[in-house]
Amino acid sequence: MPATPPEAVLVWFRNDLRVHEQAALSAALADGRPVRSVYFLCEDQWDSHHVAAIRRWYVLESLRELGESLARLGVPLDIVEAGSFRAVPDMFGEYLARYSIGKVFVGREYLRNELDRDRASAVAATALGVEMQGFDHGVLVPPRLLSTGQGRPYTVFSPYRRSWQKWLDSHGPAPLASEKRKRGTAPVKFEGHRIIDNALARVAISPSLSAGWQSGEQAARDQLKSFALTSLAGYQRQRDFPAIEGTSMLSAALSAGTVSVAECWHLARSALQHPAQREGAECWIGELAWRDFYRQIMANFPQLAVGEPFRAETRFIQWSSDEALFQAWCEGRTGYPLVDAAQRQLVQTGWMHNRLRMVSAMFLTKNLFIDWRRGEQFFMRHLIDGDFAANNGGWQWSASTGTDAAPYFRVFSPVRQSQRFDPDGEFIRRYVPELAEIDNKWIHEPWKAPNPVSGYPAPVVDQAGVRDRVTAAFRAAKEIMESQ
Ligand SMILES: Cc1cc2nc3c(=O)[nH]c(=O)nc-3n(C[C@H](O)[C@H](O)[C@H](O)COP(=O)(O)OP(=O)(O)OC[C@H]3O[C@@H](n4cnc5c(N)ncnc54)[C@H](O)[C@@H]3O)c2cc1C
């Protein structure tokens, strides 16, 4: 009689592509039974969510590094081509049966499609008598844990941040032991290269775009260390100036989970002990709090995942349908130098500085009065860090349709923002070569220069009157809602 294979345990990887500070992997390795791991590759899902080519490249190459790291630990990683999330539960059930899996360890995800996938997968596991254990290692504070005095989810950031901080001070995650191969387990061979190569061939990314980035866990952890050494202390002072590398540039790593948010938090927390670093570390921890804030918003208000605005009355806003203006914004040809430099940075590098994301998003939604959902999608098509919760949160903040958003009458002046945050036009000149030689005096408003700049457009809209138009449109939307 053939011997029954020993029962194994499984780690299901998603946006947590790392071996360090990976709670599901740690628990699986501690279990005692042989460990396997799986990743369901869902390219149709990527298509329907407009995931950028650069992000696909980042995930696939990070997956390759993960496969090799796991192989050294003696854990095989299987990449299963599932197409869409809908196909996953059945394939998951088959996988559990094929490999005699007794228990699954998995990082929780909180978006609508992900929750549907996970509920159906849990049913498949239960039918086979397989236990599943979830971990919240993608966030610092689990999304439904904190609530206001009235027992409701937080929708305003400042009180959320206070409560978030308090919870972390007493319950914050302890650092996990570093992962080591278990005694008696031999390294294995990672077999997923062909699937990754084929998927990369479908991505067809220009090599000049990916050349600017390093994928994988090792690069992400190195980046974290280098940020802590060079820029964390000055983070608060420098983070708003796009010409300076003053931020961590860890967003791609945090959204794909090649670095653990807990590791980031531990590092920043220890920096709080050093007076020279305290201010920067405090401020940076605040950004990690924004990350959790938008994740808990998505978990508590799932309608946001299907294009609904948070503020119901803004559903009635009559956005402009001017295609030429939208194209000018997409291509960085609005005639406003900072907005154009921002858009070109996004398209050329796959990333945009946070200050510029706000400036550019506000310009699209307030100055051009174009629907925030179009901008949200355009960002997703280009961002290496495209992250549904943060992107949706950022867009709804800028468009004043979201939770704790900028008030609708707050409109950034693209010229004033440019003068404040790129005073000498250093950043603008980097991405808008047409303005490379222009005198500093005209860099923010080239249309005022005595001689027109060749090849650079005049402003596509006038800044004057924007605030009044926006105010009128928001008031009209409110009246429509009240009259219904
Ligand atoms: C319109 C708009 C769209 C955005 N889209 C995304 C997106 O798709 N993906 C994404 O990760 N961030 C997004 N952000 C937030 C922010 O711009 C980026 O996280 C940040 O620019 C990334 O650079 P960094 O890693 O150097 O950040 P740092 O300043 O070093 O911050 C550290 C980390 O904190 C998190 N973080 C920082 N700011 C925010 C924020 N406002 N909201 C949520 N998390 C934050 C990120 O994970 C970031 O990597 C968006 C913001 C706006 C205004």
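Quantities reported herein were computed from a predicted structural model and do not represent experimental measurements.

Chemist: Would you mind going over the pairing of strand S3 (residues 77-81) with me for this structure?
Modeler: The side chains of a regular strand alternate, residue by residue, between the two faces of the sheet. Of all five residues in S3, four are buried, a share of seventy percent or more. Judged from the five bridges that link them, strand S2 (residues 35-41) and S3 form a sheet pairing that is parallel. From the neighbouring strand, Tyr 39 faces S3, where its bridge partner is Ile 79.

Chemist: For this particular structure, what's the right way to read the site of the ligand?
Modeler: Among the 28 residues in the neighbourhood of the ligand, the closest are listed as Tyr 235, Thr 247, Ser 248, Met 249 and Asn 354. At 2.9 Å from an oxygen atom of the ligand is found a side-chain nitrogen or oxygen belonging to Trp 284. One of the side-chain nitrogen or oxygen atoms of Asn 354 is found 2.7 Å away from an oxygen atom of the ligand. For the ligand, whose accessible area on its own is 810 Å², the fraction buried by protein is 95%.

Chemist: What's the story with the nonpolar core in this structure? I'm lost.
Modeler: Nonpolar side chains in soluble globular proteins generally cluster together in the buried interior. Residues Tyr 39, Leu 77, Ile 79, Trp 164, Trp 284, Leu 288 and Trp 329 are the most contacted members of the largest nonpolar core, which totals 133 residues. Counting residues per element, this core draws most heavily on helix H13 (residues 275-300), at ten residues. With sequence-adjacent residues up to four places away left out, Trp 284 is seen in contact with Leu 224, Phe 227, Leu 232, Tyr 235, Ser 248, Leu 250, Cys 264 and Ala 268. Residues Ala 8, Ala 82, Leu 96 and Ala 125 belong to the second largest nonpolar core, which totals 18 residues.

Chemist: Looking at this structure, I do not really get the domain arrangement of the protein chain. What am I missing?
Modeler: Put simply, an interface is often sized by how much accessible area is lost when its parts join up. What the domain assignment lists for the protein chain is domain 1 (8-137), domain 2 (138-172 + 216-301) and domain 3 (312-482). Using only C-alpha atoms to locate each centre, domain 1 and domain 3 end up separated by 38 Å. The partner domain 3 presents ten residues to the nine residues of domain 1 that form the contact. Looking only at domain 1, the three residues that lose the most surface to domain 3 are His 50, Ile 54 and Arg 55, adding up to 58% of its buried area. At the junction of domain 1 with domain 3, the criterion picks out zero salt bridges. Linking domain 1 with domain 3 are five residue pairs in polar contact (both at pLDDT 80 or more).

Chemist: Sorry if this is basic, but what is going on with unusual backbone geometry here?
Modeler: For residues that are not glycine, phi is negative in most cases, and the peptide bond is trans in most cases. Despite not being glycine, Ser 100 shows a phi value in the positive range, around 50°. Structurally, Ser 100 can be placed in the loop between helix H4 (88-98) and strand S4 (101-107). Taking relative accessible area as the criterion, Ser 100 reaches 25% and is therefore assigned partly exposed. Here Phe 369, not a glycine, exhibits a phi torsion of approximately 55°, which is positive. Within the secondary structure, Phe 369 sits in the loop between helix H16 (354-367) and helix H17 (372-382).

Chemist: It is not clear to me how the pattern of salt bridges should be interpreted in this structure. Could you clarify?
Modeler: Once the charged atoms of two side chains with opposite charge are near each other, the side chains can pair. In the structure shown here, the tally under the stated rule is 32 salt bridges. Across the salt bridge formed by Arg 374 and Glu 323, the nearest N and O atoms sit 3.0 Å from each other. Placement of Arg 374 in helix H17 and of Glu 323 in helix H14 (residues 323-330) is noted, with a sequence separation of 51 residues between them. The class for Glu 323 is partly exposed, based on a relative accessible area of 38%.

Chemist: So what exactly am I meant to see when it comes to the packing of aromatic side chains here?
Modeler: Here a ring pair, both rings aromatic, is described through the centre-centre distance and the interplanar angle of the planes. Under the criterion given, the structure shown has 27 aromatic pairs. Aromatic side chains Tyr 336 and Trp 447 sit 5.4 Å apart centroid to centroid with 70° between the ring planes, which places their arrangement in the edge-to-face category. Of this pair, Tyr 336 sits in the loop between H14 and helix H15 (337-349) while Trp 447 sits in the loop between helix H20 (426-431) and helix H21 (466-482), and the two are 111 residues apart along the sequence. Relative accessible area serves as the criterion here: at 35%, Trp 447 is assigned to the partly exposed category. Ring centres of Tyr 408 and Phe 409 lie 5.5 Å apart, and the angle between their planes is 75°; on these two criteria the pair is classed as edge-to-face. Taking the relative accessible area as the measure of exposure, Phe 409 reaches 40% and is therefore partly exposed. Counting every residue linked through ring pairs, the aromatic cluster contains Tyr 154, Phe 157, Tyr 160, Trp 290, Phe 293 and Tyr 294. Positioned over the ring face of Phe 326 is Arg 374, at 3.9 Å from the centre of the ring.

What counts and what doesn't
- Residues numbered from 1 in each chain as written.
- Predicted model: local features only at pLDDT ≥ 70, side-chain atom pairs only at ≥ 80, totals over all residues.
- Heavy atoms only, no water.
- Buried < 20%, exposed > 50% of the residue type's maximum accessible area, 1.4 Å probe, protein only.
- Helix = DSSP H or I, 4+ residues; strand = E, 2+ residues; numbered from the N terminus.
- Pairing = 2+ DSSP bridges.
- Near = heavy atom within 4 Å.
- Polar contact = N/O pair within 3.5 Å; in protein donor to acceptor, adjacent residues only side chain to side chain.
- Areas by Shrake-Rupley, 256 points an atom, 1.4 Å probe, with all protein chains shown as cover.
- Core = buried A, V, L, I, M, F, W, Y, C linked by side-chain atoms within 4.5 Å.
- Contact = heavy atoms within 4.5 Å.
- Domains from an automatic or database assignment.
- Buried area = accessible area lost by both parts, 1.4 Å probe.
- Salt bridge = Lys/Arg side-chain N within 4 Å of Asp/Glu carboxyl O.
- Phe/Tyr/Trp six-rings, centres within 6.5 Å; stacked < 30°, edge-to-face > 60°.
- Lys NZ or Arg CZ within 6 Å of the ring centre and 35° of its normal.

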